[in-house]
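Fold and contact review
In case you want the letters, here they are:
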Amino acid sequence: MKRVLDPCCGSRMFHFDKQNEDILFMDNRTYYEELETGHVVNISPDVVGDFRKMPFEDDSFYLVVFDPPHLLRAGPKSWLAKKYGKLNPDTWQEDLGKGFNECMRVLKPNGTLVFKWNEDQVKLKDVLATTSYKPLFGNKRSKTHWLVFMKEAKQ
């Protein structure tokens, strides 16, 4: 089993090594398109799966990086929606809450969750209200936030 999970990998935008052998890349879709602008959308996960119900055993990964879709509003031809996916406007709070629970479930005790969120359409405080987990630290100065959580050791 690989040590790191990216359950919403999309086109692996923030990864320096998009083929890193230590990372299991998962997404709920596969997609490829070359756009007229020259941009390429290439979503090719190792595992096709839903971050709300992951197909992994408990305590499987040392590190999970959770970068779920952050758009509620985007048109059907939106380049951003193709690249990053889109949240369901009616269920996004429940979906993100399930995502946090699943990320913590698959983390090993004392494992680390890195959460990435862009608050262009949904404020970070509203996202954090979907879960009881509290971040240890993160950045507070831009629209894109990186937060770090740690799973508690089993007693």
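Predicted model only: the values in this text are computed from it and were never measured.

**Observations concerning the sheet that holds strand S8 (residues 137–138)**
- With respect to topology, 7 strands assemble into an open sheet ordered S5-S2-S1-S6-S7-S9-S8, the strand pairing being mixed. The sheet terminates laterally at strand S5 (47–48) and S8, the two strands that pair on one side only.
- Pairing analysis gives 2 bridges linking strand S2 (residues 23–27) to S5, with the strands arranged parallel. Within S5, the residue paired with Asp27 across the bridge is Val48.

**Regarding the packing of aromatic side chains**
- Scanning the model with the defined rule gives 8 aromatic pairs in all.
- For the ring pair Phe14 and Trp146, a centre distance of 5.2 Å and an interplane angle of 85° mean the geometry is edge-to-face. Taken together, the residues Phe14 in the loop between strand S1 (4–6) and S2 and Trp146 in strand S9 (residues 144–150) connect sequence positions 132 residues apart.
- Classification of Trp146 as partly exposed rests on a relative accessible area of 32%.
- Between the aromatic rings of Phe51 and Phe66, the centroid separation amounts to 5.3 Å while the plane-to-plane angle is 65°, which identifies the pairing as edge-to-face. Taken together, the positions of Phe51 in the loop between S5 and strand S6 (61–66) and Phe66 in strand S6 put the pair 15 residues apart, joining distant regions of the chain. Residue Phe51 shares its accessibility class with Phe66, and that shared class is buried.
- The ring of Phe25 carries the charged tip of Arg12 above its face, separated from the ring centre by 3.7 Å.
- Over the ring of Tyr62 we find Lys108, and its NZ or CZ is 5.1 Å from the ring centre.

Conventions adopted
Residues numbered from 1 in each chain as written. Predicted model: local features only at pLDDT ≥ 70, side-chain atom pairs only at ≥ 80, totals over all residues. Heavy atoms only, no water. Pairing = 2+ DSSP bridges. Helix = DSSP H or I, 4+ residues; strand = E, 2+ residues; numbered from the N terminus. Phe/Tyr/Trp six-rings, centres within 6.5 Å; stacked < 30°, edge-to-face > 60°. Buried < 20%, exposed > 50% of the residue type's maximum accessible area, 1.4 Å probe, protein only. Lys NZ or Arg CZ within 6 Å of the ring centre and 35° of its normal.

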